[in-house]
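# Examining the three-dimensional arrangement
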Amino acid sequence: MTGSQAFHALLDVLRDADQTFLTGPRGEMDALGVAEGYRHLTHLLGYALDLYLEGDPERPCFTPLASPTQKILGDNVDSLYHFAPLRGDRRYRIRGRRGNEVYLAFCVYGGKPDGEWSERVVANLSQRDLALAPDGGFEIMLAPEPSSGNAITLTPDAVCVIVRQYFTDREQARPASFTIAPLDPVGPPQALDDASLARRLRAVATFVRETIQFAPLPASLPPNLLGPPMPWSPHVPGWGTPDNAYSLGLFRLGPDEALVIEGRSPKCVYFGAQLWNRYMQSLDYRYHRVSLNHTQIAFEPDGSFRLVVAHRDPGLPNWLDTAGHREGVVFCRWLQADELAPQPASRVIRLDPA
């Protein structure tokens, strides 16, 4: 396939991509959902180009995976994500220094280097096991050969490393800093040729095509019901982290309705609840309170929590603002929890008319 053919193949994927939210079992969208579907495709294409057209596993650098205005694949409001491509037969060093994040992890994924979703976790090194210098500095070796200290052993199918940072106060966040560099000399890259362009564009198209098979989430999920928390599964493709457990459900509310969610959280590094649209994008947290974490939730005297999802302020603690969305997703996550949380209880109540 030539570069021209790969480019037009990418255009073919994009031309038909809106059918995932206009027709079929995932196509029950209101006007807002349709508009967000087209916006999601632009976000997805932008990240696909950054990661697979411009990414270079011989000379990797970290690329942000989410921002307040561009989001894919289930971003967390209180998190920062960075991606770097890898080769399993190369050696790298990550140098960095911790900030005030409550969680920091370097997760290496295995799979095919062609834009497909990753197939497995090769290794995950979190702040629990990261040895630090007195000033918070650290070095991590990534190589096919095992080594001591902060080290990740790469397997032949290693394709990328994703860095996650979690905070409890976005306004006061002081992120960790880190860079990645190859340990073996590689020299400057060759000028882009047609074969390389075609290969990279095919990876872009593959990543877009695979992602829209999962986003948007189907409307057939039972509304206003959170499912039982699920631990991370090594059999699910994608970029999940083994440190998290998750619970999700759709909300679908009328103008004077609210969804009340009650439950308990085990001891954990981070617990948070937030609202997404069905494309697994956080709602606009710049102007709406669409997320609460364990330091922000007003817990009950017995230690339980009660969250209220509503279109307007219900006058109750722990309001999550739907930001104008008639329907969307409630997503809870527990990070490095001592045990699995019990399934939250969910019920719809009526509010006094505005």
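You'll find the structure just up there.
A quick note: this is a predicted structure, and the numbers were derived from the prediction, not measured. (Residues numbered from 1 in each chain as written. Predicted model: local features only at pLDDT ≥ 70, side-chain atom pairs only at ≥ 80, totals over all residues. Heavy atoms only, no water.)

### Some thoughts on unusual backbone geometry
For the bond from Ala-215 to Pro-216, the omega torsion is 15°, close enough to zero to count as cis. On the secondary structure map, Pro-216 appears in the loop between helix 4 (194-211) and strand 10 (230-231). Unusually for a residue other than glycine, Asn-224 sits at a positive phi of about 60°. Positive phi values are uncommon outside glycine, yet Met-280 reaches one of about 60°. Locating Met-280 in the fold gives a position in the loop between strand 13 (270-276) and strand 14 (291-293). For Met-280, a relative accessible area of 14% translates into the label buried. (Helix = DSSP H or I, 4+ residues; strand = E, 2+ residues; numbered from the N terminus. Buried < 20%, exposed > 50% of the residue type's maximum accessible area, 1.4 Å probe, protein only.)

### Re the pattern of salt bridges
Counted according to the given criterion, the structure contains 27 salt bridges. Arg-59 is paired through a salt bridge with Asp-56; the nearest N and O atoms lie 2.8 Å apart. Judged by its relative accessible area of 19%, Asp-56 falls in the buried class. With a closest N to O distance of 3.1 Å, Arg-90 and Glu-58 form a salt bridge. With a gap of 32 residues between them, Arg-90 in the loop between strand 2 (79-85) and strand 3 (92-97) and Glu-58 in the loop between helix 3 (31-53) and strand 1 (63-64) connect regions that are remote in the sequence. If you follow the salt bridges from partner to partner, you end up with Glu-58, Arg-87, Asp-89 and Arg-90 in one network. (Salt bridge = Lys/Arg side-chain N within 4 Å of Asp/Glu carboxyl O.)

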